[in-house]
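# Secondary and tertiary structure notes
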Amino acid sequence: MHFRDYFGTRQSPSLNMVKSALRSLIDESITIIREVAAEFERPVMLFSGGKDSVVMLHLAARAFSPARVPFPVMHIDTGHNFAEVIEFRDRAVGDLDVQLIVGSVQASIDAGRIQDATGPRASRNPLQTVTLLDSIKEHKFDAVFGGARRDEERARAKERVYSHRDAFGQWDPKTQRPELWGIYNGRHKPGEHFRIFPISNWTELDIWQFISDYNIDLPSIYYAHRRQVFRRDNMWMAVSPFLKPEDGETVSEELVRFRTVGDATCTAAIESSATTIAQVIAETSVARITERGATRADDRISEAGMEDRKKLGYF
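Since this is a predicted model, take the numbers as computed values, not measurements.

Enumeration according to the criterion identifies 11 aromatic pairs in this entry. Counting every residue linked through ring pairs, the aromatic cluster contains F40, Y162, Y184 and F194.

On to the pairing of strand β10 (residues 268–271). Alignment of strand β8 (residues 235–238) against β10, held across two bridges, turns out to be antiparallel. Note that in β10 the partner of W236 across the bridge is A269. Note: strand β9 (residues 251–257) against β10, two bridges, orientation antiparallel. Bridge pairing in β10 places R257 opposite I270.

Turning next to the environment of F210. Counting through the fold element by element, F210 comes out in helix α7 (residues 204–213). The sequence separation of F210 and L22 amounts to 188 residues, and the corresponding C-alpha distance is 7.7 Å.

Note: strands within a sheet are paired through backbone hydrogen bonds, in either parallel or antiparallel orientation. Strand order in the open sheet made by the six strands is β3-β2-β1-β4-β6-β5, with mixed pairing throughout. Each edge of the open sheet is held by one strand with a lone partner, namely β3 (100–104) and β5 (162–165). The average angle at which neighbouring strand axes cross in this sheet is 30 degrees, direction not considered. Taken together, the three bridges between strand β1 (residues 43–46) and strand β4 (residues 143–145) define a ladder with parallel strand orientation. Directly across from V44, in β4, lies its bridge partner V144.

A contiguous nonpolar surface patch, about 440 Å² in accessible area, is contributed by L180, W181 and I183. Here W181 lies in the loop between β5 and β6 (193–196). A relative accessible area of 78% means that W181 is categorised as exposed.

On to helix α3 (residues 83–95), then. Over its 13 residues, α3 extends 19 Å from the first C-alpha to the last, a length consistent with the 18 Å expected when each residue adds 1.5 Å. Of all the positions in α3, only V85, F88, R89, A92 and V93 are classed as buried. Looking down the long axis of α3, one finds its buried residues gathered within 125 degrees of arc, a one-sided arrangement. In α3, those exposed residues whose orientation departs by more than 90 degrees from the buried face are A83, G94 and D95.

All right, on to the side chain of E192 then. Assignment of secondary structure puts E192 in the loop between β5 and β6. Here E192 occupies a buried position and makes no salt bridge, while the nearest side chain of opposite charge, K189, is found at 5.1 Å. There is a polar contact of 2.9 Å between the side chain of E192 and the backbone nitrogen of K189. Not counting residues up to four positions away in its chain, the partners in contact with E192 are D142, H164, R165, D166 and A167.

Moving on, we come to the packing of helix α2 (residues 51–64) against α7. Packed helix pairs are characterised by how far apart their axes lie and by the angle those axes make with each other. It is at 10 Å that the axes of α2 and α7 come closest, and there the two elements cross at 55 degrees. One finds that α2 runs oblique with respect to α7. Where α2 crosses over α7, the handedness of that crossing is left-handed. In contact with K51, D52, V55, H58, L59 and R62 of α2, α7 contributes E204, I207, W208, F210 and I211. Taken together, the residues of the contact of α2 with α7 break down into six nonpolar, one polar and four charged.

Conventions used here
Residues numbered from 1 in each chain as written. Predicted model: local features only at pLDDT ≥ 70, side-chain atom pairs only at ≥ 80, totals over all residues. Heavy atoms only, no water. Phe/Tyr/Trp six-rings, centres within 6.5 Å; stacked < 30°, edge-to-face > 60°. Pairing = 2+ DSSP bridges. Helix = DSSP H or I, 4+ residues; strand = E, 2+ residues; numbered from the N terminus. Axes fitted to C-alpha atoms, helices over the stretch in contact; angles between N-to-C directions. Patch = residues over 30% accessible without salt bridge, like charges linked within 9 Å, V, L, I, M, F, W, Y side chains within 5 Å. Areas by Shrake-Rupley, 256 points an atom, 1.4 Å probe, with all protein chains shown as cover. Salt bridge = Lys/Arg side-chain N within 4 Å of Asp/Glu carboxyl O. Buried < 20%, exposed > 50% of the residue type's maximum accessible area, 1.4 Å probe, protein only. Expected span 1.5 Å × (residues − 1). Arc of directions from axis to C-beta. Lys, Arg positive; Asp, Glu negative; His and termini not counted. Polar contact = N/O pair within 3.5 Å; in protein donor to acceptor, adjacent residues only side chain to side chain. Contact = heavy atoms within 4.5 Å. Parallel < 35°, antiparallel > 145°, perpendicular 65-115°, else oblique. Left-handed = near helix turned anticlockwise from the far one by under 90°. Nonpolar A, V, L, I, M, F, W, Y, C, P; charged D, E, K, R; others polar.

Okay, structure coming up:
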């Protein structure tokens, strides 16, 4: 499929350079996905229904077309999701004819593997680690694709494309392997695995440009809509069955959208009037804060919060 001109029929050299750079990113990602499928015995792709995992899955579909994607996708489900995202998740895997595996945080709680978070600001988001590691062990996955990008957050910028995890699922940023000239070392011992990040070098704007060029469907909450929200820690939190305002927090209906999708208890919206992909691209191109920095409450625990969680096996 040819890339469309985002800004009309006339193309400037700078726009051609943008398109060429995106084509290079697509080629790089598809090469990584194919290499992992050939090199590892039991790969799986994490899929939440969020924009990055949607793009990653579409890249996988392109990598193996006209055949099916030769590995399953897996969602680590906190049970506290936006309804629009779960509906989209199920529809997307059906449309692309891929196997869906769901790792349930609630099942881990019921089995006594973890204790449910309690309190007015409790979130199940950090609890996903145990469920993820248990699911990897249960299905004997040796490569786990993730949709993290280096521009999202400082700890994720430390990741290699092939990110080694030891037998306990833990990550040590000091012992990651060099990746000179795009050569990846996937050797591992039994019980170890790799997290694979094929869109590491993409930016949020690259993601949206790909979505535009290939007319990719996303959950509706990525576009501006009216929603019941309240202000907490200078963020718009959405009222849901899993998140209620505390005393002094006033609910109002605002025109908002979500830049990222995650657990409903820690994912905030932004004020926006962007109802189309072109409007989102225009809005994203002038943003000065990453989507996680602007809208993920769990990333504000401490400056090293994400890195500490990743060392224990988080995404």
